[in-house]
Amino acid sequence: MRVFLFMLDPFQKLKDKNIKKQAKKEQKIKGKAWKMWKMCGFCGVLIFHNADGIQSAIKSWQKEGFKVAFVPTMGALHEGHLALVERAAHLPQVRVVCSIFVNPTQFNDPADLQAYPRNPARDFHLLSEQGLADALFQPEIDEVYPPEHPCMTFSFGALEEVMEGAMRPGHFAGVGQVVERLLHLVQADYLLLGEKDYQQFLVVRDLLRQLRENQIRLRDEQLRMRERQRQSSPLSWPSGDGFNNPGGMARGADEPFEPYEPTWHKIPELIMGTTHRDEGGLALSSRNQRLSNEGRLKARQIYAALQQARRSWPHESPDETVQKIAFMLAEVPEFRVEYIQLADSNTLAAVQEWGNHSSVRIFAAVWIEGVRLIDNTVVFP
């Protein structure tokens, strides 16, 4: 296997030390050619299509003292995605991984999945032109959801019962599955998501909480099991704490020694990037690509209406504010409003009285030209 590099890059050690080792491993994996990465010699962006490649790169970076900032996307990249990559690149001592994977488990409508825009060549061009991402991870579905690896299931309570959760049954269950799997594969230190999908951000925040608590529970269970084993055969227990004796057998014990594994993947720090908008206020979205020019112009009125809530709330009740915004959107005949919701910024509880909440956002989902658009903005503080 030959790899031609046209410029010096920060991945020099992987090139010098690991390429031959990876080539030998390719030959040993029967029936699976996993030579899945390429290098763009002009921009230094690595492309990976399987877990072995991206994990090898990450291990190399970690040995050099770098952390990993992860920007997961479903492709059809726009300036909002690139802004997340830029923010990731400005974190201290990091390598940036951007992923593109259209996750089928979060689509409750097969037609919506089929119509979702895909343009991988354009996406790679945008990342290459920007020059801030170190790697692009484009896994196939069997890499994310291998048949031999059952998916974890998660419940997000009230966070998944309103707005997007109510209108798209099973959507956030799919989001939880894919984020858990991608974090397992990428092992990121930082996870960056956009503000436009604010409800999704809260769901992922809760997912990370659940993963962290689950790992603590598993750790405590293993420690209790160790203590029982230690007490049952104190003279035969390996020296020290036993944590670094994988696969050993305690003399006189009937069961093999089981090593302590504190985690199956890192729990990254979650970072939210601000919503990026065009010059007329339309929130940038991959779905905007399906709109006509006229449709984009009309869709700008969604954000204009939502901004009314920030101006009106000191003088109107929550119900009056929602009614005013509904009236503004109804004046656009091309719109079909799915919901308008005032919600607590932390819990997404519906707002009945302003004084019961320290922070409130307004959310909306609107159809135009057969495309479903969502947006939200802060009402106060």
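Just so it is clear, the model here is predicted, and its values are computed rather than measured.

1. Side note on empty space enclosed by the protein
Okay, so step 1: On inspection of all chains with the given rule, the structure shows 3 cavities of 30 Å³ or more.
Okay, so step 2: Here the largest cavity is characterised by a volume of approximately 70 Å³.
Okay, so step 3: Around the largest cavity sit K196, L282, A283, S285, N288, A299, I302, Y303, L373, I374 and D375, which together line it.
Okay, so step 4: Elements with a contribution of two residues or more to the lining of the largest cavity: helix 10 (293–312) and strand 10 (371–380).

2. Considerations on the packing of helix 3 (residues 79–89) against helix 5 (residues 120–130)
Okay, so step 1: The geometry of helix 3 relative to helix 5 is characterised by a closest axis approach of 11 Å and an angle of 40° between their N-to-C directions. Judged by the angle between their axes, helix 3 and helix 5 are oblique. The way helix 3 lies across helix 5 gives a crossing that is right-handed. Contacts between helix 3 and helix 5 involve L82, V85 and E86 from the former and L126, L127 and Q130 from the latter.
Okay, so step 2: Considered class by class, the residues forming the contact of helix 3 with helix 5 number 4 nonpolar, 1 polar and 1 charged.

3. Notes on unusual backbone geometry
Okay, so step 1: Across the junction of F380 and P381, the peptide omega takes the value 5°, indicating a cis bond.
Okay, so step 2: With respect to the helices and strands, the residue P381 is situated in the segment after strand 10.
Okay, so step 3: At A76, a residue that is not glycine, the phi angle is positive and equals roughly 50°.
Okay, so step 4: Checked against the element boundaries, A76 lands in the loop between strand 3 (67–73) and helix 3.
Okay, so step 5: The buried category is assigned to A76, whose relative accessible area is 3%.
Okay, so step 6: Despite not being glycine, Q93 shows a phi value in the positive range, around 50°.
Okay, so step 7: As for its position among the elements, Q93 is in the loop between helix 3 and strand 4 (94–100).
Okay, so step 8: The exposure class assigned to Q93 is partly exposed, which follows from its relative accessible area of 46%.

4. Digging into the pairing of strand 9 (residues 360–368)
Okay, so step 1: In terms of burial, strand 9 is a largely internal element, 8 of the 9 residues being buried.
Okay, so step 2: The pairing of strand 8 (residues 336–344) with strand 9 spans 8 bridges and is antiparallel. Bridged to V337 within strand 9 is V366.
Okay, so step 3: Pairing between strand 9 and strand 10: 9 bridges, direction antiparallel. Bridge pairing links I362 to T377 in strand 10.
Okay, so step 4: Taking the residues between adjacent antiparallel strands as the criterion, strand 9 and strand 10 are bridged by 2 residues, where E369 takes a positive phi near 55°.

5. As for helix 3
Okay, so step 1: Of the positions making up helix 3, those classed as buried are G80, H81, L82, A83, L84, V85 and A88.
Okay, so step 2: On the buried face of helix 3, the contacting elements are strand 3, strand 4, helix 5, strand 6 (190–194) and strand 7 (269–273).

6. Focus: the sheet that holds strand 8
Okay, so step 1: Pairing in this open sheet of 3 strands is antiparallel, and the strands run 8-9-10 from one edge to the other. Edge positions in the open sheet fall to strand 8 and strand 10, since each of these has one partner strand only. For this sheet, the mean inter-axis angle between neighbouring strands, taken without regard to orientation, is 15°.
Okay, so step 2: Where helix 11 (residues 318–330) meets the sheet, its contacts fall on strand 8 and strand 9, and the angle it forms with strand 8 comes to roughly 155°.

7. Observations regarding the side chain of D112
Okay, so step 1: Considering the arrangement of structural elements, one finds D112 in helix 4 (residues 110–115).
Okay, so step 2: There is a polar contact of 2.7 Å between the side chain of D112 and the side chain of R287.

8. Some words on the pattern of salt bridges
Okay, so step 1: In total, this model carries 14 salt bridges according to the counting rule given.
Okay, so step 2: Across the salt bridge formed by K298 and E334, the nearest N and O atoms sit 3.8 Å from each other. With a gap of 36 residues between them, K298 in helix 10 and E334 in the loop between helix 11 and strand 8 connect regions that are remote in the sequence.
Okay, so step 3: Across the pair K324 and E316 runs a salt bridge, and its minimum N-O distance is 2.6 Å.

Rules used in this analysis
- Residues numbered from 1 in each chain as written.
- Predicted model: local features only at pLDDT ≥ 70, side-chain atom pairs only at ≥ 80, totals over all residues.
- Heavy atoms only, no water.
- 1 Å grid on protein atoms, 1.4 Å probe; cavity = no way out; pocket = protein on both sides within 12 Å on 5 of 7 lines; lining within 4 Å.
- Points joined across faces, edges and corners; volume = space filled by probe spheres on them.
- Helix = DSSP H or I, 4+ residues; strand = E, 2+ residues; numbered from the N terminus.
- Axes fitted to C-alpha atoms, helices over the stretch in contact; angles between N-to-C directions.
- Parallel < 35°, antiparallel > 145°, perpendicular 65-115°, else oblique.
- Left-handed = near helix turned anticlockwise from the far one by under 90°.
- Contact = heavy atoms within 4.5 Å.
- Nonpolar A, V, L, I, M, F, W, Y, C, P; charged D, E, K, R; others polar.
- Buried < 20%, exposed > 50% of the residue type's maximum accessible area, 1.4 Å probe, protein only.
- Pairing = 2+ DSSP bridges.
- Polar contact = N/O pair within 3.5 Å; in protein donor to acceptor, adjacent residues only side chain to side chain.
- Salt bridge = Lys/Arg side-chain N within 4 Å of Asp/Glu carboxyl O.

By themselves, these observations are geometric and do not establish any function.
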